[in-house]
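# Inside the fold
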Amino acid sequence: ATGNLAASANASYTMFIAGANNTIGGSTAADRNVLGTSGAGGVYGLLVSGSTATGNQILGNYIGIGADGSTAFSGEQAGISVSSGAATTRIEGNVIAADLDNGLYLSTTGTGTVVHNNLIGTNAAGTAMVSAPTNGLWAQSAGANTVITNNVIAGASESGIRADDTAPGLTIQGNRIGTDAAGTANWGVQWWGMAIRSSNNLIGGTGAGQGNIVANSNQAAQNHDGIGVPSGTAVGNAILGNSIYSTVAGASGLGIDLDLGGVSPNDAGDGDTGSNNLQNFPVLTLAATDGAGFLTLGGTLNSSANSYFRVELFSAPSGSSNNGEGRTYLGFVNVATDASGNASFSTTLSATVPIGSFITATATRSDASYTSFSDTSEFSARLATAAVLTVDTTADNLGGTTTSVAALLASKGPDGLISLREAITAINNTAAGAQPTLIRFNIAGSGLHTITLASALPSITKPVVIDGTTDTDSVATNGGRPAIVLDGNSLNSDGLVLASGSGGSTIRGLVIR
């Protein structure tokens, strides 16, 4: 037999398990079972059910797909169900082609269900979509310590992962929904990538590999999102470190949507209620990069008074809406609000993003130790990155290409360094952006760094931040005092001139003499 034809007649289940400590399948190809139905409907697929069904393992089987791992059975195909108090069930390494039914269905109060490393809707190689389950995984109810990790879900006609209000406390990490391993194929679901109607779930996390990839959601172009928390009573959901992108706009199309209906505006003091307590999102005020690994970010958060938050920072796709999505997790900063509910934050990350690319952020409520998390906000409004020029020499030369900031970064001249004169000249020759261009200092060695001018510096005609405090080693060596010295060399000229067009500039941490 080829194993590529399903049974010709329906029964109630392809397999029913009510006992304990059974193993269905195994770790080798020879252990694998191939299960399918006639496609006429009315069959539950593989069912683990009842309070006596404990410790069962469903490993490495092909369900709804033939032994070749690529030929999906025709008609309605059911996946795996766990119900009626079944506990400590492990579902791992299965290939599930469930057309017109759910890939995985959890309806149990039993504890310890683990769903790990399954392919739902794809072939066994994970290279092509072969079926369209109704929901990739539907947790109608779930017991404590239910863990859903490292699964691939493609092409669902409703949601990738659905968690109803009686399925709280789930851990959902490392799953890939709506795309292939390269992140380029459109295997998007029709509705939500994840629809979270329950409370106190951990979606993603702070550790390596814990973030989920949720791509190409809302293929129906309706009122759906990447991760939707559509129930106003669903609170305490921490959504951390995920990659969410290419959500179809439709009537909503956000990366994270609380209470549905589009962006939920911030409110002073964050006293409103709803999904995730309608946690306010941050407001980004600074995003600047040199395009080569240096990224400085800053902003504000208004929320409840005297509270703690983890602000996560992401690069945002250029095509997404203003409060849209975060595709690439960049890092985080911990913040604490004051008695008025206000906090400001700034951080410098080692991350390579192009100049002009977009940054967005979320805020997640935390305990005082920043180790336990609950309500996460929607994504903030995006902010385009401004350029950063790093002055890394005390020489007063003009050897680089200064026709624009981009030109100087691409061609720094024979010494491979950027002088203060080159930086100011390039900024003057570049159209002003929404933020001032940042000039930071990173000159080799510690202690005072003196820039002795050979001639007067050009007047500054564009908004700029010249920040001597960024040469942190030198400032520390100098006892916390300014360590960048601009020496006029007795030229009888002005040190720095902020001319017309430079409004909004900041000069700090310099000695000018």
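Right, let's walk through the structure included here.

Analysis parameters
- Residues numbered from 1 in each chain as written.
- Predicted model: local features only at pLDDT ≥ 70, side-chain atom pairs only at ≥ 80, totals over all residues.
- Heavy atoms only, no water.
- Helix = DSSP H or I, 4+ residues; strand = E, 2+ residues; numbered from the N terminus.
- Contact = heavy atoms within 4.5 Å.
- Areas by Shrake-Rupley, 256 points an atom, 1.4 Å probe, with all protein chains shown as cover.
- Lys, Arg positive; Asp, Glu negative; His and termini not counted.
- Charge placed at Lys NZ, Arg CZ, Asp CG, Glu CD.
- Patch = residues over 30% accessible without salt bridge, like charges linked within 9 Å, V, L, I, M, F, W, Y side chains within 5 Å.
- Salt bridge = Lys/Arg side-chain N within 4 Å of Asp/Glu carboxyl O.
- Buried < 20%, exposed > 50% of the residue type's maximum accessible area, 1.4 Å probe, protein only.
- Pairing = 2+ DSSP bridges.
- Axes fitted to C-alpha atoms, helices over the stretch in contact; angles between N-to-C directions.
- 1 Å grid on protein atoms, 1.4 Å probe; cavity = no way out; pocket = protein on both sides within 12 Å on 5 of 7 lines; lining within 4 Å.
- Points joined across faces, edges and corners; volume = space filled by probe spheres on them.
- Nonpolar A, V, L, I, M, F, W, Y, C, P; charged D, E, K, R; others polar.
- Phe/Tyr/Trp six-rings, centres within 6.5 Å; stacked < 30°, edge-to-face > 60°.
- Polar contact = N/O pair within 3.5 Å; in protein donor to acceptor, adjacent residues only side chain to side chain.

This paragraph deals with the overall build of the protein chain. Helices and strands together make up the secondary structure of the protein chain, namely three helices and 40 strands. Once the C-alpha set of the protein chain is aligned to its principal axes, its extents read approximately 100 × 50 × 40 Å. For the protein chain, the share of sequence-separated contacts (at least 6 apart) that also reach a separation of at least 24 residues comes to 76%. Surface accessibility of the protein chain: about 18,900 Å² in total, with carbon and sulfur atoms responsible for 50%. The average position of the 16 basic charges and that of the 32 acidic charges among the side chains of the protein chain differ by 7 Å.

It is worth spelling out a nonpolar patch on the surface at this point. Residues Tyr13, Phe16 and Tyr44 make up a contiguous nonpolar surface patch of about 320 Å² in total accessible area. Of note, Phe16 is situated in strand β1 (residues 15-17). Among the residues examined, Phe16 registers a relative accessible area of 43% and is labelled partly exposed.

Let's shift gears to the sheet that holds strand β4 (residues 46-49). Pairing is parallel across the open sheet formed by nine strands, whose spatial order is β1-β4-β7-β10-β13-β16-β19-β22-β25. Both outer strands of the open sheet, β1 and β25 (256-258), are each paired with one neighbouring strand and no more. If you compare each strand with its neighbour and ignore which way they point, the axes differ by 10° on average. Alignment of strand β10 (residues 104-107) against strand β13 (residues 137-141), held across four bridges, turns out to be parallel. Note on β13: the bridge partner recorded for Tyr105 is Trp138.

Among the secondary structure elements, Gly60 is positioned in the loop between β5 (57-59) and β6 (62-63). For the pair Gly60 and Ile91, spaced 31 residues apart in sequence, the C-alpha to C-alpha distance is 8.6 Å. Contacts of Gly60, omitting those with residues within four sequence positions, involve Gly26, Arg32, Glu92, Gly93 and Asn94.

Below, the discussion takes up the pattern of salt bridges. What the rule picks out here adds up to six salt bridges. Among the ionic pairs, Arg90 bridges to Glu92, the shortest N-O distance being 2.6 Å. Overall, the relative accessible area of 29% leaves Arg90 in the partly exposed class. Owing to a relative accessible area of 24%, Glu92 belongs among the partly exposed residues under this scheme. Here Asp164 ties to Arg162 by a salt bridge, and the two come within 2.8 Å at their closest N and O atoms. The same class applies to Asp164 and to Arg162, which are both buried.

Counting buried positions along helix α2 (residues 420-428) gives nine out of nine residues, so the element sits mostly inside the fold. Those residues of α2 hidden inside the fold are in contact with β34 (386-391), α1 (405-410), β35 (437-441), β36 (449-452), β37 (464-467) and β38 (484-487).

A separate point is the layout of surface pockets. In this structure, the largest pocket spans a volume of roughly 270 Å³. Forming the walls of the largest pocket are 16 residues, and the residues nearest its centre are Leu286, Thr296, Leu438, Asp467 and Arg508. Listing elements by their share of the lining of the largest pocket, those giving two or more residues are β26 (283-289), β27 (294-302), β30 (342-350), β35, β37 and β39 (506-508). Looking at the lining of the largest pocket, the element that brings in the most residues is β27, giving three residues. Here the lining of the largest pocket is built from residues that sort into six nonpolar, seven polar and three charged. Looking at the second largest pocket, its volume works out to about 210 Å³. Lining the second largest pocket we find 17 residues, and of these Ala431, Ala432, Gly433, Gln435 and Thr437 sit closest to its centre.

Another point: the packing of aromatic side chains. This model, assessed by the stated rule, comprises six aromatic pairs. When the ring of Tyr13 is compared with that of Phe16, the centres are 5.0 Å apart and the planes differ by 40°; the resulting orientation is tilted. Consider the rings of Phe314 and Phe379, whose centres lie 5.4 Å apart with planes at 85°: the pair is edge-to-face. Of this pair, Phe314 sits in strand β28 (residues 308-316) while Phe379 sits in the loop between β32 (373-376) and β33 (383-384), and the two are 65 residues apart along the sequence. With respect to burial, Phe314 and Phe379 carry one shared label: buried.

Let us now look at the side chain of Ser252. Position of Ser252 relative to the elements: it lies in the loop between β24 (243-245) and β25. Within the structure, Ser252 has its side chain in polar contact with the side chain of Asp225 (distance 2.5 Å). Setting aside residues no more than four positions away along its own chain, Ser252 makes contact with Gln222, Asn223, His224, Asp225, Asp257 and Gly262.

Bringing the side chain of Asn135 into the picture now. Among the structural elements, Asn135 can be located in the loop between β12 (119-120) and β13. Classification of Asn135 by relative accessible area gives buried; the value is 1%. In this structure Asn135 touches Asp101, Asn102, Gly103, Ala156, Glu158, Ser159, Gly160 and Arg162, once residues within four positions along its chain are discounted.

On to the pairing of β36, then. Only one face of β36 is buried: it carries His449 and Ile451, and the other face, with Thr450 and Thr452, is open. As judged from the four bridges shared by β36 and β38, these two strands associate in the parallel manner. In the strand pairing of β38, His449 is matched with Ile484.

The next thing to look at is the sheet that holds β36. The strand order β36-β38-β40 describes an open sheet built from three strands, whose pairing is parallel. Taken across any chain shown, the strands that pair with only one partner, and hence form the sheet edges, are β36 and β40 (510-512). This sheet shows a mean twist of 20° between the axes of neighbouring strands, independent of strand direction. Sheet analysis places β38 next to β40, joined by three bridges and oriented parallel. Residue pairing in the sheet places Leu486 in a bridge with Ile512 of β40.

Another point: unusual backbone geometry. The phi angle at Asn276 is positive, at roughly 50°, despite the residue not being glycine. Along the chain, Asn276 falls in the loop between β25 and β26.

Counting through the fold element by element, Ala167 comes out in the loop between β16 (161-166) and β17 (171-173). In this structure the C-alpha to C-alpha distance between Ala167 and Asp473, which are 306 residues apart in sequence, comes to 52 Å. Each residue touching Ala167, except ones within four places of it in the same chain, is listed here: Ala139, Gln140, Ser141, Ala142, Ser198 and Asn201.

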